[in-house]
Amino acid sequence: MSLTSLPPQFIVFEGGDGAGKSTQLKLLSEKLTELGIDHITTREPGGTPMAEEIRDVMLKKRDEPVAGNTELLLIFAARQQHLDNRILPALAEGRWVLCDRFIETTYAYQCVGRGVNEGFFFDMMVNVVGDHSPHLTVYLDVDDEVSVQRRAARKDGSDRIDDETQEFFTKINDTLRGFALNLPHHATVDGNQTEEAVANDVFAFVEDLANKTDSDLDSMADTQTASP
Ligand code: TMP
């Protein structure tokens, strides 16, 4: 099957802060446009007007403490809006979806980072995401030092999570890396390379989607519910 004749694909970029997800998502989007593949680009939390408002609430710096459970509830509220009003309609209309972060970020930040109960996370995942898992999750793997440099260059410390320690971010990144290495339908790309080299590696994994047989594509739907 060729890439252009594939059913619409849901592709997620994951990676630690400063991994280059937004840049690579943009480069893949340009490539898909060149190929004439209709698609949308989006992000989490966010992607719809209401979900973007929830993002602002979730990330705003404030004096009162914010519980990990509160973060989880906000994230899943935004995700439900995003799935119902943007992601699923796009796929149904035949558009691919490229999304900056998704469910694995939630496990990493809220369960591993904030200590939210896993059972609570999985209940929410089953109820909100169900079997609408990505066809491909691209994990951009960057060394801690690269991530620290990129964050320092880019971030202005303007959101609540930017203020976390490097230890927190290392733990998050290790969790995301573990998912990418161990779960099916994941690709790990060395994000320490030049933007162009990373983009080429990402595209090679995307092209590989076209080599999946119909039965691979069917079985993906079965196994994906197990992620993360
Ligand atoms: P970013 O889009 O610039 O990466 O910012 C999103 C921030 O939100 C980032 O700090 C990670 C955080 N976040 C969570 O804590 N949980 C989630 O489930 C998602 C999607 C993001």
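Residues numbered from 1 in each chain as written. Predicted model: local features only at pLDDT ≥ 70, side-chain atom pairs only at ≥ 80, totals over all residues. Heavy atoms only, no water.

Caption draft 1: A look at empty space enclosed by the protein. Counted under the stated rule, the structure contains two cavities of 30 Å³ or more. Surrounding the second largest cavity, Gly16, Asp17, Asp144, Ser147, Gln166, Phe169 and Asn173 form its lining. Sorting the residues of the lining of the second largest cavity by element identifies helix 6 (144-154) and helix 7 (166-182) as the ones contributing at least two each. For the lining of the second largest cavity, the element with the highest residue contribution is helix 7, accounting for three residues. Along the lines of polarity and charge, the residues of the lining of the second largest cavity split into one nonpolar, four polar and two charged. (1 Å grid on protein atoms, 1.4 Å probe; cavity = no way out; pocket = protein on both sides within 12 Å on 5 of 7 lines; lining within 4 Å. Points joined across faces, edges and corners; volume = space filled by probe spheres on them. Helix = DSSP H or I, 4+ residues; strand = E, 2+ residues; numbered from the N terminus. Nonpolar A, V, L, I, M, F, W, Y, C, P; charged D, E, K, R; others polar.)

Caption draft 2: Local environment of the sheet that holds strand 5 (residues 186-190). An order of 2-3-1-4-5 is seen for the five strands of this open sheet, with the pairing classed as parallel. Edge positions in the sheet fall to strand 2 (39-43) and strand 5, since each of these pairs with one other strand and no more. Within this sheet the neighbouring strands show an average axis-to-axis angle of 20°, counted without direction. Looking at chain direction, strand 4 (residues 136-141) and strand 5 are connected through five bridges and run parallel. Each residue of the ladder has a partner; that of Val138, found in strand 5, is Ala187. Helix 7 rests against strand 1 (10-15), strand 4 and strand 5 of the sheet, and its axis sits at about 135° to strand 4. (Pairing = 2+ DSSP bridges. Axes fitted to C-alpha atoms, helices over the stretch in contact; angles between N-to-C directions. Contact = heavy atoms within 4.5 Å.)

Caption draft 3: The packing of aromatic side chains, seen in detail. Under the counting rule described, the total for this entry stands at eight aromatic pairs. Ring plane angle 50° and centroid distance 6.3 Å describe the contact between Tyr107 and Phe122, whose orientation is recorded as tilted. Of this pair, Tyr107 sits in helix 4 (residues 103-113) while Phe122 sits in helix 5 (residues 118-129); the two residues are 15 residues apart in sequence, bridging distant segments of the chain. You can call Tyr107 buried: its relative accessible area is 13%. Look at Phe122 and you get partly exposed, because its relative accessible area is 28%. Between Lys31 and the ring centre of Phe203, over which it is positioned, the NZ or CZ distance is 4.9 Å. One cation-aromatic arrangement involves Arg79 over Phe102; the distance from NZ or CZ to the ring centre is 5.1 Å. (Phe/Tyr/Trp six-rings, centres within 6.5 Å; stacked < 30°, edge-to-face > 60°. Buried < 20%, exposed > 50% of the residue type's maximum accessible area, 1.4 Å probe, protein only. Lys NZ or Arg CZ within 6 Å of the ring centre and 35° of its normal.)

Caption draft 4: Molecular detail of the site of the ligand. Near the ligand there are 14 residues, and of these Arg55, Arg101, Thr105, Thr106 and Gln110 occur at the shortest range. At a separation of 3.1 Å, an oxygen atom of the ligand approaches a polar side-chain atom of Arg55. Between the ligand and the protein, one listed contact pairs an oxygen atom with a side-chain N or O atom of Thr106 at 2.6 Å. Relative to its unbound accessible area of 480 Å², the ligand is 94% covered by the protein chains. Residue assignment for the shell around the ligand shows that the elements contributing at least two residues are helix 2 (49-59), helix 3 (68-92) and helix 4. (Near = heavy atom within 4 Å. Polar contact = N/O pair within 3.5 Å; in protein donor to acceptor, adjacent residues only side chain to side chain. Areas by Shrake-Rupley, 256 points an atom, 1.4 Å probe, with all protein chains shown as cover.)

Caption draft 5: How the structure looks around the packing of helix 3 against helix 5. The interhelical angle for the contact between helix 3 and helix 5, taken along N-to-C directions, is 10°, at an axis separation of 10 Å. Classified by the angle their axes make, helix 3 and helix 5 are roughly parallel. Across the interface between the two elements, Asn69, Leu72, Leu73, Phe76, Arg79, Gln80 and Leu83 from helix 3 touch Phe120, Phe121, Met124, Met125, Asn127, Val128 and Val129 from helix 5. Residues that form the contact of helix 3 with helix 5 fall into these classes: 10 nonpolar, three polar and one charged. (Parallel < 35°, antiparallel > 145°, perpendicular 65-115°, else oblique.)

The values reported here are purely geometric and, on their own, carry no functional implication.
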